[in-house]
Each structure stands twice: as structure tokens, then as C-alpha cells.
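# Reading the structure
So the chains spell out like this:
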Amino acid sequence: ATARNQSPLLLGATPRPLTNAERERRDEERRRQVRKNDVVIGKTSAKSGETDFTLDIAATEEEWMRQASRVEQEVYRKTEQGMHHLKLLQVEEASHAFDQVFELKPSAYLWQAGIAKFYLNQMEDAADVLVKSATRFEKRFFEPATEERIWRDACELKLLSSIATKQ
């Protein structure tokens, strides 16, 4: 074989230096290898010699309901009831259940109530619920409330198109 067909490593040439990206990939792969047996989600605990609790959503909800106040329990039930009606496309019933949630907890984050009002053609009420929900989400998570904002814009467009149609 000629020198042209052989790798520089075989010829004793100095290998080219790694780029920053290649160095980072190499280092990350080394870190992964070192910790690959440390923690396996759902099988091991982060603490040596300990095991994770089993994930039981129903038990967690039951425990939360036991410690929740009467108002919190009712907010939970009415929210679940409204969501159930919404899934069944029973929009009036969903809206009524969501209204009861807001009576109990005016600061509830419940953008689905805006969707129900949208489909009941209550655009101003829907937009109001969606703006409040977007604001609550953004203040809590410091991220844009995209869906809430899109639905609020849909309410505005629907209102504007109904005004234009009347004229």
C-alpha cells in the first residue's frame, strides 16, 4: 500500500487536534459511562441502598383529597366534572361546572372554561377567561401561554368577523 492510502496514525503523524464540539462529546460520553449504573428511573433510588416508591396515581390523589380543604375538594370535583362533560361535548354542562369552580376559587387556572365559552359563542367571556389563564400561567412558569393566547385571538377574530358581517 502507498503512503497515500494509509491513515496518518499508521504513519506516525500527529493526529489533528479535536474541535471544542468533539471534545465536549467525548467528555460527555465519559461522564455517561461513569454514571450509567448510578440511577435507573423507576428501579433505583438516588440514595444508595434505597428504593423508589411505586408510582400509584390513584393513591396519590386519594392522599391529596384527604388533606385538602372542603373547598379544594369541591374545586377538584367540579373541575373533573367539567372536563368530563367537555370530553363528551356537553359544552353547556362543562361551562356550568367550570363557572362553579370560579365561584369557589376565582384565581383557578382553567383555560378549558374559555374553550367551553368559545363553543357556546360567548366570545367576550371566553376571551376574558383565556387572558386570565394566560396571565396566571405566564406569571407562574415564566413562559408564554401559547394555547391560551391563540384561543383568545380566535375569540377576537370571531367577534370582529361578526361585527363586520352585521355592517
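Only a predicted model underlies this, so the values are computations on that prediction, with no experimental measurement involved.

The interhelical angle for the contact between helix H2 (residues 57-67) and helix H3 (residues 70-87), taken along N-to-C directions, is 140°, at an axis separation of 8 Å. Between H2 and H3, the angle falls in the class oblique. Residues Glu61, Trp64 and Met65 of H2 form the contact with H3, whose participating residues are Glu72, Gln73, Tyr76 and Arg77. Looking at the contact of H2 with H3 residue by residue, the classes come out as three nonpolar, one polar and three charged.

Before going further, it helps to spend a moment on a negative patch on the surface. A grouping of Asp56, Glu61, Glu62 and Glu80 is seen on the molecular surface, where their side chains present a negatively charged patch. Assignment of secondary structure puts Glu62 in helix H2.

Bringing the side chain of Lys78 into the picture now. Along the polypeptide, Lys78 turns up in helix H3. We note that Lys78 is buried and unpaired, the nearest opposite charge coming from Glu74 at a distance of 4.1 Å. Engagement of the side chain of Lys78 in a polar contact is seen with the side chain of Gln100, the distance being 3.1 Å. The residues touching Lys78, leaving out its near neighbours within four places in the chain, are Ala97, Gln100 and Val101.

Ranked by size, the top nonpolar core spans 12 residues in total: Val75, Leu86, Val91, Ala94, Phe98, Val101, Phe102, Ala108, Leu110, Ala113, Ala116 and Val129. Mapped onto this core, the elements with two or more residues apiece are H3, helix H4 (91-104) and helix H5 (112-119). Apart from residues no more than four positions distant in its own chain, Ala94 is found in contact with Gly82, His85 and Leu86.

Now for the pattern of salt bridges. In this structure the tally under the stated criterion is 11 salt bridges. Between Asp27 and Arg26 there is a salt bridge, and its shortest N-O distance comes to 3.2 Å. Here Asp27 falls in the partly exposed class, since its relative accessible area comes to 22%. Given a relative accessible area of 32%, Arg26 falls into the partly exposed group. In this structure, Arg152 engages Glu156 in a salt bridge whose closest nitrogen and oxygen atoms are separated by 2.7 Å. Of this pair, Arg152 and Glu156 both sit in helix H7 (residues 146-166), four residues apart, which is roughly one turn of that helix. Taking the relative accessible area as the measure of exposure, Arg152 reaches 22% and is therefore partly exposed. Each of Arg26, Asp27 and Arg30 takes part in one network of salt bridges that share partners.

Definitions and cut-offs
- All residue numbers refer to positions counted from 1 along the written sequence of the respective chain.
- Only residues with pLDDT of at least 70 get local features here, since the model is predicted, and only at 80 or more are side-chain atom pairs given and counted; chain-wide, interface and lining totals rely on the full set of residues.
- In computing side-chain properties, one takes all heavy atoms of the structure into account and sets aside hydrogens as well as water.
- Helix axes are fitted to C-alpha atoms over the stretch in contact, other axes to C-alpha atoms as well, and angles between N-to-C directions run from 0 to 180 degrees.
- Only runs of H or I of at least four residues qualify as helices and only runs of E of at least two qualify as strands under DSSP, and these elements are numbered from the N terminus.
- Oblique is the label for every angle not falling under 35 degrees (roughly parallel), over 145 degrees (roughly antiparallel), or within 65 to 115 degrees (roughly perpendicular).
- Only heavy atoms matter for contacts: two residues are in contact if any of them lie within 4.5 Å across the pair.
- Three classes are used: nonpolar for Ala, Val, Leu, Ile, Met, Phe, Trp, Tyr, Cys and Pro, charged for Asp, Glu, Lys and Arg, and polar for all others, with Gly counted as polar.
- Residues enter patches when they are more than 30% accessible in relative terms and free of salt bridges; like-charged ones are connected within 9 Å and nonpolar ones (Val, Leu, Ile, Met, Phe, Trp, Tyr) within 5 Å.
- Per-residue and other accessible areas follow the Shrake-Rupley method at a 1.4 Å probe size, with only the shown protein chains counted as cover for residues.
- The salt bridge criterion pairs a side-chain nitrogen of Lys or Arg with a carboxyl oxygen of Asp or Glu, the two atoms within 4 Å.
- Neither His nor the chain ends contribute to the count of charged residues, in which Lys and Arg are positive and Asp and Glu negative.
- Lysine's charge is taken at NZ, arginine's at CZ, aspartate's at CG and glutamate's at CD.
- Each residue is assigned to one of three classes by its accessible area relative to the maximum for its type, calculated with a 1.4 Å probe on protein chains only: buried under 20%, partly exposed between the two thresholds, exposed over 50%.
- Pairs of N or O atoms within 3.5 Å make up the polar contacts considered here, provided that, within protein, one atom can donate a hydrogen while the other can accept it, and that residues adjacent in sequence are counted only when both atoms are side-chain atoms.
- Take the buried Ala, Val, Leu, Ile, Met, Phe, Trp, Tyr and Cys residues and link them wherever side-chain atoms come within 4.5 Å; each set so joined is a nonpolar core.

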